[in-house]
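Residue strings, one per chain:
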Amino acid sequence: MDVLSPTSASGVPFLLLMGVLVCIALPSPAPATPQPSPGSSSLASPQLGLVWTPPSPPDSALAALDRIAATGATAVRLTHLPADTTATTIATRADSLGLRLYIDLPMADGSAPRPDEARPQADASLDQLRSLANRHASITHVGLARGASTTGSRRCDRLRRWTERIHDASASLHTYYVTPFVPSADRCADAVDQPLLDLRGHPRPTDRWRAWRTRTDSVGIGALGTWTRPAAASGLRVPHSAERQARYLETTLSRLLDPTRAAPPVVFVARWQDDDASLLPSRRYGLHDAAGTPRPAATVVRGLYSGTQRTFAFPDGSAPAGTSGLVLVGWGLVAVLGLLYARSLFVRETAVRYFTTPGFYREALRDGREVSFGANSLLLGLVGGSLGVAAARMARLATAQPETERVLAALPRVVGTALAPGVEHPTLAGVAVGGGALVLLLLWTGAGVAMARLGTRFTVAQGLMLVTWPCWPVLLAPPVALAAGPNAPLSPSLSTLVLLGGGTLVLLSVTLRVLFDYWRVTDAPAWTLLPLAALSPLALVGASLLVAAQYGVSFSLLWRLAVYT
């Protein structure tokens, strides 16, 4: 018998040995590859896009869209839905180019309205968008809120109802909103299909996105970039130069699109071209200027989006010399105050009476013998100058903060337009605040003199002294403001809180002290206190806030934008 016969008993070990060898030689089955979940950013290639405001002429829109596609972009976020003819032209070309279109509805500016409130302004656009989406596969996403406060549950319920309404109208449309808030403050991520982050000017955009990703994988980036100043010189050492903008995008996009780490599902660079409607003309986010001339950032985006270039070189330039004008003005105010105290016996004696023996101070004020029109006028000028220096410093700090643009955009257009020049030109803000305060205090002085003369003899010098001396805490504003800054003892946010809280207390203190001294010093009828109180700084500021609230200023939204972004 053949010993190698498979039927023999001695062949069984041989067969077992061969079976083991075959099992070892066969490759083990590969583990099943997990399928990415909807909205997952870790496995799918991200959509690379640009924020774009399409021009009205269809030919211009098509030319711009072709240039956007040539950068390697696969998505475009339109800041508004164009007219029907232009919208159809854009959607048709986007279909052929393989682009995805994210389109903001008209209600995206400001707060997201209730469905019944939004119908007059958004229904027509939504109907047009639904009709286009049914005919063009490129239209995939609808924006429901931009610059809105998504920090409250009521707003989230409205967004959720809008999302349901859009899903019922078209199964191919998805919803998003653009938010600047930190993940701990935002409450509406689950009310839409995809939240997008507004990271314009953010110093650490990658960290903010990764913090958001711990909450939801679907979060993308709706606006990424930093601004340039048209008047800035060239070079990486120049703040907000075109080269600094390019380096910001190079660094941030390289980190976000790192193939070894999770990437956002969609990234939109803000923006393709400068927006002439910006409230702050000195902030230009475009890869191209208004005339279409490319900036260095356009080369960076094209290279990274198309994968043709990863590193870029830019000239260093020369760092601009620091300006110390405000500091010199502040020290000048201190010097004038010191000289006034040293050279004026009236100021020294009145300071002792005012702070230690208020009764003697009021007696001197009533008699009108120891009042100095010149010294009190100079002190009032120092009060106005102190307010001007503080206002100019805070405006200069606001110029460098990314939150400033969002705060101005959240205001009614007329209010934001009025405040924007002060942010653009801090000196103008200082002159306006300091000069305006002087005018109001002089009007208050005149009203006090006129009311007092109804019962007794009262001079302008007495009225000036009555109003000026209680304003002494204002002299502390410049040191607080000048001590604030990115590398200063006080952060801009902390100094703002100190000035706002201290300013409120100063308004209350000045008003009460002037009214009390007026009541004790003059023999005017008691009813004269009412018009004097109505013209007080506290009453004027309070009335201004009430008027602003009537015009639609949401102080809670302003607070959240300043604190939670």
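In this text the structure is predicted, and so the values were computed from the model without any measurement.

A.B. asks: Please set out the pattern of salt bridges residue by residue, giving values where relevant.
C.D. replies: Tallying each qualifying case throughout the model produces 13 salt bridges. If you follow the salt bridges from partner to partner, you end up with Asp157, Arg160 and Asp190 in one network.

A.B. asks: For the side chain of Gln47, give the residues involved together with the corresponding values.
C.D. replies: Here Gln47 is to be found in strand β1 (residues 47-52). The class of Gln47 is buried, set by a relative accessible area of 16%. A polar side-chain atom of Gln47 sits 2.9 Å from a polar atom in the side chain of Thr74. Not counting residues within four places of it along the chain, the set of residues in contact with Gln47 comprises Thr74, Ala75, Arg100, Pro265, Val266 and Val267.

A.B. asks: Requested: an account of the packing of helix α9 (residues 325-343) against helix α10 (residues 345-356), with residues and values cited.
C.D. replies: Here α9 crosses α10 at 90 degrees, and the two axes come no closer than 5 Å. Of the possible angle classes, the one that applies to α9 and α10 is roughly perpendicular. Between α9, through Leu340, Tyr341, Ala342 and Arg343, and α10, the contact on the second element is made entirely by Leu345, Val347, Arg348 and Ala351. Class assignment for the residues of the contact of α9 with α10 results in six nonpolar, no polar and two charged.

A.B. asks: Give me unusual backbone geometry: which residues, what numbers.
C.D. replies: The omega torsion across Ala270 and Arg271 is 0 degrees, close enough to zero to call that bond cis. Mapping Arg271 onto the fold places it in the loop between β8 (266-269) and α8 (296-306). In this model, His240 sits at a positive phi of 60 degrees, which is unusual for a non-glycine residue. Within the secondary structure, His240 is located in the loop between β7 (220-225) and α7 (242-256). Under the relative-accessibility criterion, His240 is labelled buried at 19%.

A.B. asks: Give me the lowdown on the packing of aromatic side chains, citing residues and values where you can.
C.D. replies: If you walk through the whole model with that rule in mind, you get eight aromatic pairs. Note on Tyr102 and Tyr176: the rings are 5.5 Å apart at their centroids and 55 degrees apart in plane angle, and the pair reads as tilted. In this pair, Tyr102 sits in strand β3 (residues 100-104) while Tyr176 sits in strand β5 (residues 174-179), placing the two residues 74 residues apart along the sequence. On the basis of relative accessible area, Tyr102 is assigned to the buried category, the value being 2%. Judged by its relative accessible area of 0%, Tyr176 falls in the buried class. The interplanar angle of 35 degrees and the centroid separation of 6.2 Å between the aromatic rings of Tyr354 and Trp469 together place this pair among those described as tilted.

A.B. asks: Lay out helix α21 (residues 555-563) with the relevant residues and their values.
C.D. replies: Along α21, the residues classified as buried are Leu557, Leu558 and Leu561. Buried positions in α21, seen along its axis, are confined to an arc of 100 degrees and lie on one side of it. Among the structural elements, α13 (403-410) are those in contact with the buried residues of α21.

A.B. asks: How would you summarise the state of the cysteines if you had to cite specific residues and measurements?
C.D. replies: With the rule as written, the count across this model stands at one disulfide. Each sulfur of the disulfide joining Cys156 and Cys188 lies 2.0 Å from the other. Classification of the bridge connecting Cys156 and Cys188 rests on its S-S torsion, roughly -85 degrees, and on that basis the disulfide is left-handed. Within this pair, whereas Cys156 is found in helix α5 (residues 153-169), its partner Cys188 is found in the loop between β5 and β6 (194-200), the two being separated by 32 residues in sequence. With respect to burial, Cys156 and Cys188 carry one shared label: buried.

A.B. asks: So what about the UniProt feature "transmembrane region" (unreviewed entry) in the chain? Which residues, and what values?
C.D. replies: Under the local residue numbering, the UniProt record ascribes the feature "transmembrane region" (unreviewed entry) to residues 321-342, 371-392, 428-452, 464-485, 497-516 and 528-551. Secondary structure across residues 464-485 divides into 50% helix and 0% strand, with the first and last C-alpha atoms of the span separated by 35 Å. Each end of residues 528-551 is marked by a C-alpha atom, and these two atoms are 31 Å apart; helix forms 83% of the span and strand 0%.

A.B. asks: Which residues make up the nonpolar core, and what values do they have?
C.D. replies: Core analysis: the biggest nonpolar cluster contains 64 residues, and Leu50, Trp52, Ile139, Leu224, Leu249, Leu253 and Leu287 have the highest contact counts within it. At six residues, the largest contribution of residues to this core is made by α8. If near-sequence neighbours (up to four positions away) are discounted, Leu224 is found in contact with Leu199, Pro205, Tyr248, Leu249, Thr252, Leu253, Leu256, Val267, Phe268, Val269 and Ala270. Formed by 40 residues, the second largest nonpolar core is a distinct cluster that contains Leu333, Leu382, Phe458 and Val514.

A.B. asks: Residue-level account of the sheet that holds β6, with values.
C.D. replies: Spatial ordering of the closed barrel is given by β1-β2-β3-β4-β5-β6-β7-β8, a layout of eight strands whose pairing is parallel. Neighbouring strand axes in the sheet, compared pairwise and without regard to direction, differ in orientation by 25 degrees on average. Of the strand pairs in this sheet, β1 and β8 are connected by four bridges, and their pairing is parallel. The partner of Leu48 across the bridge, within β8, is Val267. Docked against the sheet, helix α2 (residues 58-70) engages β1 and β2 (75-78), running at close to 150 degrees with respect to β1. With respect to the sheet, α8 is in contact with β1 and β8, its orientation differing from that of β1 by roughly 155 degrees.

A.B. asks: Pulling in residues and values, what's your account of the confidence of the model for the chain?
C.D. replies: Averaged over every residue, the pLDDT of the chain is 84; residues scoring 70 or more account for 89%. Below pLDDT 50 for its whole length, residues 1-42 participates in 23 contacts with residues either more than four positions away or in separate chains. Taken together, the stretch residues 108-118 has pLDDT below 50 and engages in 29 contacts with residues farther than four places along the chain or on a different chain.

A.B. asks: Residues and numbers for α2, please.
C.D. replies: An ideal rise of 1.5 Å per residue puts 18 Å on 13 residues; α2 measures up with 18 Å between its terminal C-alpha atoms. Looking only at α2, the buried set comprises Ala61, Leu62, Ala64, Leu65 and Ile68. The arc that holds every buried residue of α2, seen down its axis, measures 165 degrees, which confines them to one face. With respect to the buried face of α2, the exposed residues turned more than 90 degrees away are Asp59 and Ala70. Turning to α2, the residues buried within the fold contact β1, β2 and α3 (84-97). At the C-terminal side of α2, Gly72 shows a positive phi close to 100 degrees.

About the criteria used
Every chain's residues receive numbers from 1 upward, in the order its sequence appears when written. The predicted nature of this model means local features are confined to residues of pLDDT at least 70 and side-chain atom pairs, given and counted, to a pLDDT of 80 or more, with totals for whole chains, interfaces and linings taken over all residues. Heavy atoms throughout the structure, all of them, feed into the side-chain values; hydrogens and water do not. For this document, the term salt bridge refers to a Lys or Arg side-chain nitrogen within 4 Å of an Asp or Glu carboxyl oxygen. Numbering of helices and strands runs from the N terminus, with a helix taken as a DSSP run of H or I at least four residues long and a strand as a DSSP run of E at least two residues long. Whether a residue is buried, partly exposed or exposed follows from its accessible area with a 1.4 Å probe, protein chains only, as a fraction of its type maximum: under 20%, in between, or over 50%, in that order. Polar contact is defined as a pair of N or O atoms within 3.5 Å, subject to the rule that within protein one atom must be able to donate a hydrogen and the other to accept it, and that residues adjacent in sequence are counted only when both atoms are side-chain atoms. By definition, residues are in contact when any of their heavy atoms lie within 4.5 Å. An axis is simply a line fitted to the C-alpha atoms; with a helix, the fit covers only the stretch in contact. Between two such axes, the angle follows the N-to-C directions and lies from 0 to 180 degrees. Each angle receives one of four descriptions, namely roughly parallel if under 35 degrees, roughly antiparallel if over 145, roughly perpendicular if within 65 to 115, and oblique otherwise. Each residue is assigned to one class: nonpolar for Ala, Val, Leu, Ile, Met, Phe, Trp, Tyr, Cys and Pro, charged for Asp, Glu, Lys and Arg, and polar for all the others, Gly among them. Stacked, edge-to-face and tilted labels apply to pairs of Phe, Tyr and Trp rings (six-membered ring for Trp) whose centres lie within 6.5 Å, assigned for plane angles under 30 degrees, over 60, and everything in between, in that order. Starting at the helix axis, one direction is taken to each C-beta atom, and the arc is that of these directions. Disulfides are defined as pairs of cysteine sulfur atoms found within 2.5 Å of each other. UniProt positions are given in the numbering used here, feature names are shortened, and annotations may be inferred rather than shown by experiment. Within this scheme, the nonpolar core is defined by two criteria: the residues are buried Ala, Val, Leu, Ile, Met, Phe, Trp, Tyr or Cys, and they are joined through side-chain atoms within 4.5 Å. Strand pairing is assigned whenever DSSP identifies at least 2 bridges connecting the two strands. One confidence number per residue, pLDDT, is output by the predictor and ranges from 0 to 100. Expected helix span is given by 1.5 Å per residue-to-residue step, counting one fewer step than there are residues.

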